[in-house]
Amino acid sequence: MKKLFIFDADGVLLNLWDAMKQVYEEYTQKALSQQEWDNIIIDFLHNPQPYAEFGRFYDASPTFGNLQPVTGMQDLVDFADSQGYDLTVITSVGTTQDALSRRSENIWCHYGNKLSNICCVGRLGSKEDALREKVRGYDKVLFCDDHPKNLMISRGIVTTPIWLKNPHHQFIWDKSDCSGIEIAESVNDLRRIILEADAE
């Protein structure tokens, strides 16, 4: 049986929001409490357009290409590999060659010894076409993302969509039909879901 695990990058493999807070504070020249930053994230998720200029500032910052791995995910990637899964990444990122190169290098730096490839789609773009392409030839496909909309798109394409729970996206989850999507509240939950999928 051919098995594939598809990972999102921001918020799943790479720790985005903590690092981005520092860049936003530099951009606005204002220190933010965690609550203020959480409110900005949720505002962005409701309407990203007013943050377009900041997005360009962030993409040009050193932080963009130097995100740290989410705690425990390197071990989880190793575990999925040990269970016989091929591993790939589908990530949303700016489409300039600089952004694509820096994002890919950042992921390869932390996970490259296990990944087969990295697919970059445009920021705020749909992952549907990339998912359809990646699943070809596989009997079982697990897909982990922290954004519910990407998981809703993946139903019927992958075997098991998995929401790595992100509190900033909770309002999207609550107002959507998310049936058929597994919830992982931690890396340990992801390990459990892999074992359960292999037992089926």
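A few points on the structure. Since the model is a prediction, treat every value here as computed from it, not as a measurement. (Residues numbered from 1 in each chain as written. Predicted model: local features only at pLDDT ≥ 70, side-chain atom pairs only at ≥ 80, totals over all residues. Heavy atoms only, no water.)

1. So, the sheet that holds strand β5 (residues 160–164)
Part 1: Ordered in space as β3-β2-β1-β4-β5-β6, the six strands form an open sheet in which the pairing is parallel. Of all strands in the sheet, those with a lone pairing partner are β3 (117–122) and β6 (182–184), marking the two edges. Each strand of the sheet is rotated relative to its neighbour by a mean of 25°, with strand direction disregarded.
Part 2: Looking at chain direction, strand β1 (residues 3–7) and strand β4 (residues 140–145) are connected through five bridges and run parallel. Bridge pairing links K3 to K140 in β4.
Part 3: The strands touched by helix α4 (residues 73–82) within the sheet are β1 and β2 (85–93), with β2 carrying the most contacts at an inclination of about 135°.
Part 4: Each of β1, β2, β4, β5 and β6 touches helix α9 (residues 187–199); the most contacted strand, β6, lies at about 145° to it. (Pairing = 2+ DSSP bridges. Helix = DSSP H or I, 4+ residues; strand = E, 2+ residues; numbered from the N terminus. Axes fitted to C-alpha atoms, helices over the stretch in contact; angles between N-to-C directions. Contact = heavy atoms within 4.5 Å.)

2. Observations concerning the nonpolar core
Part 1: With 47 residues, the main nonpolar core has F5, F7, L13, M73 and I107 as its most contacted residues.
Part 2: Among all residues touching M73, those that are not within four sequence positions of it are F7, V12, L13, Y111, V187 and L190.
Part 3: Counting 17 residues, the second largest nonpolar core, distinct from the first, contains C119, V121, A130 and W173. (Core = buried A, V, L, I, M, F, W, Y, C linked by side-chain atoms within 4.5 Å. Buried < 20%, exposed > 50% of the residue type's maximum accessible area, 1.4 Å probe, protein only.)

3. Brief notes about the side chain of D145
Part 1: Examined against the element boundaries, D145 turns out to sit in strand β4.
Part 2: Under the relative-accessibility criterion, D145 is labelled buried at 0%.
Part 3: Looking at D145, its side chain comes within polar contact range of the main-chain nitrogen of H147, at 2.8 Å.
Part 4: Apart from residues lying up to four places away in sequence, D145 is in contact with D8, V12, K127, N150, L151, I162, W163 and L164. (Polar contact = N/O pair within 3.5 Å; in protein donor to acceptor, adjacent residues only side chain to side chain.)

4. Re the state of the cysteines
Part 1: Using the criterion set out here, one finds zero disulfides in the structure.
Part 2: This cysteine, C109, is not joined by any disulfide, and C120 carries the nearest cysteine sulfur, 15 Å off.
Part 3: Sulfur of C144: no disulfide; nearest cysteine sulfur belongs to C178 and is 14 Å away. (Disulfide = S-S within 2.5 Å.)

5. Looking at the environment of E133
Part 1: Looking at where E133 falls in the secondary structure, it is placed in helix α6 (residues 128–134).
Part 2: Of the residues examined, E133 reaches a relative accessible area of 48% and is grouped as partly exposed.
Part 3: Along the sequence, E133 and T71 sit 62 residues apart, while their C-alpha atoms lie 29 Å from each other.

6. Quick word on the packing of aromatic side chains
Part 1: All chains considered together, the criterion is met by 13 aromatic pairs.
Part 2: Between the aromatic rings of W17 and F44, the centroid separation amounts to 6.5 Å while the plane-to-plane angle is 65°, which identifies the pairing as edge-to-face. Taken together, the residues W17 in helix α1 (residues 17–28) and F44 in helix α2 (residues 34–46) connect sequence positions 27 residues apart.
Part 3: Centre to centre, the rings of Y24 and Y27 are 6.3 Å apart; their planes meet at 40°, and the pair counts as tilted. Here Y24 pairs with Y27, and both are found in helix α1, just three residues apart, close to one helical turn.
Part 4: Through successive ring pairs, a cluster of aromatic residues spans W17, Y24, Y27, W37, F44, Y51, F54, F57, Y58 and F64.
Part 5: The ring of Y138 has K2 sitting right over it, with the charged end atom 4.7 Å from the ring centre. (Phe/Tyr/Trp six-rings, centres within 6.5 Å; stacked < 30°, edge-to-face > 60°. Lys NZ or Arg CZ within 6 Å of the ring centre and 35° of its normal.)

7. A few points about the pattern of salt bridges
Part 1: Scanning all chains against the criterion turns up twelve salt bridges.
Part 2: Taking the shortest distance from any N to any O, the salt bridge between R102 and D98 comes out at 3.4 Å. Note that R102 and D98 are positioned in helix α5 (residues 97–111) at a spacing of four residues, about one turn of the helix.
Part 3: For D98, a relative accessible area of 45% corresponds to the partly exposed category.
Part 4: Measuring nitrogen to oxygen at the nearest pair gives 3.1 Å for the salt bridge that ties R132 to E128. Of this pair, R132 and E128 both sit in helix α6, four residues apart, roughly one helical turn. (Salt bridge = Lys/Arg side-chain N within 4 Å of Asp/Glu carboxyl O.)

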